[in-house]
Amino acid sequence: QVQFVESGGGLVQPGGSLRLSCAASGFSFRASAMSWYRQNPGKERESVARIGAIGDWTEYEEDVQGRFIISRDNVQKMLYLQMNSLKPEDTATYYCNAHSPYVGAWGKGTQVTVSS
């Protein structure tokens with residue numbers, strides 16, 4: 001079955017960095033565009049970064065452009081999000097999924113808290 005396991009979150013001060021990882025399984029990872037999403041309680045989950053199946057393109061939401069870098073390893077079936085210059089408004093639970101998400105397969109996510 002499709003499964004995503006996110007890790008790497010934590011508490012970081014404003015201006016700090018974190019690298020999130022996502023282990024994917026149960027589908028053709030190397031053929032799938034992938035996304036990182038984030039969500040806060042009471043708000044909709046939003047896609048913040050996207051990457052093509054072979055890493056040939058990337059897209060970012062305006063508020064993370066220039067600070068976040070999405071990457072992937074198709075051999076290891078891993079998705080990554082390097083987050084730099086973190087801001088308090090980046091605080092959220094971060095999830096990975098396909099660009100066209102497997103709705104019933106959301107992982108537990110990894111919590112990122114940016115606070116001094």
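Structure shown above.
Residues numbered from 1 in each chain as written. Predicted model: local features only at pLDDT ≥ 70, side-chain atom pairs only at ≥ 80, totals over all residues. Heavy atoms only, no water.

Draft legend 1. Representation of the overall build of the protein chain. If you tally the helices and strands in the protein chain, you get zero helices and ten strands. Ordered by position from N to C terminus, the α and β elements of the protein chain give β-β-β-β-β-β-β-β-β-β. Computed over the C-alpha atoms, the radius of gyration of the protein chain is 13 Å, within 12% of the 13 Å expected from 2.2 N^0.38 for a compact globule of 116 residues. Taking all 116 residues of the protein chain together, the buried fraction comes to 42%. (Helix = DSSP H or I, 4+ residues; strand = E, 2+ residues; numbered from the N terminus. Rg over C-alpha atoms; globule rule 2.2 N^0.38 Å. Buried < 20%, exposed > 50% of the residue type's maximum accessible area, 1.4 Å probe, protein only.)

Draft legend 2. Local environment of the state of the cysteines. Using the criterion set out here, one finds one disulfide in the structure. Linked covalently through their sulfurs, Cys22 and Cys96 form a disulfide whose S-S length is 1.7 Å. For the disulfide bridge between Cys22 and Cys96, the dihedral angle about the S-S bond is near 45°, and by the sign convention the bridge is right-handed. Taken together, the residues Cys22 in strand β3 (residues 18–25) and Cys96 in strand β9 (residues 92–98) connect sequence positions 74 residues apart. Across the pair, Cys96 and Cys22 agree in class, each one buried. (Disulfide = S-S within 2.5 Å.)

Draft legend 3. Local environment of the packing of aromatic side chains. Counted by the stated rule, this structure contains five aromatic pairs. Measuring from ring centre to ring centre gives 5.5 Å for Phe4 and Phe27, while their planes differ by 55°; the resulting arrangement is tilted. Note that Phe4 is positioned in strand β1 (residues 3–7) and Phe27 in the loop between β3 and β4 (34–39), a separation of 23 residues in sequence. As far as burial versus exposure is concerned, Phe4 and Phe27 are alike and both buried. Pairwise contacts between aromatic rings join Phe4, Phe27, Phe29 and Tyr102 into one cluster. (Phe/Tyr/Trp six-rings, centres within 6.5 Å; stacked < 30°, edge-to-face > 60°.)

Draft legend 4. Highlighting the pairing of β3. In this structure, β1 lies alongside β3, joined through five bridges in antiparallel fashion. In the strand pairing of β3, Phe4 is matched with Ala24. Pairing geometry for β3 and strand β8 (residues 78–83), over six bridges, is antiparallel. Pairing of Ala23 across the sheet is with Met78, part of β8. (Pairing = 2+ DSSP bridges.)

Draft legend 5. Structural view of the side chain of Arg72. Along the polypeptide, Arg72 turns up in strand β7 (residues 68–73). Among buried charged residues, Arg72 stands out as having no salt bridge; its nearest opposite-charge side chain is Asp56, 7.2 Å away. When residues no more than four places from it in sequence are discounted, the contact partners of Arg72 are Phe29, Arg30, Ser32, Ala33, Met34, Ile51, Gly52, Ala53, Gly55, Met78, Leu79 and Tyr80. (Lys, Arg positive; Asp, Glu negative; His and termini not counted. Salt bridge = Lys/Arg side-chain N within 4 Å of Asp/Glu carboxyl O. Contact = heavy atoms within 4.5 Å.)

Draft legend 6. Region of interest: the sheet that holds strand β5 (residues 46–51). Spatial strand order, β2-β10-β9-β4-β5-β6: six strands in an open sheet with mixed pairing. This sheet does not close on itself; its edge strands, each paired only once, are β2 (10–12) and β6 (58–60). Taken pair by pair, the neighbouring strands of this sheet meet at an average axis angle of 25°, ignoring direction. (Axes fitted to C-alpha atoms, helices over the stretch in contact; angles between N-to-C directions.)

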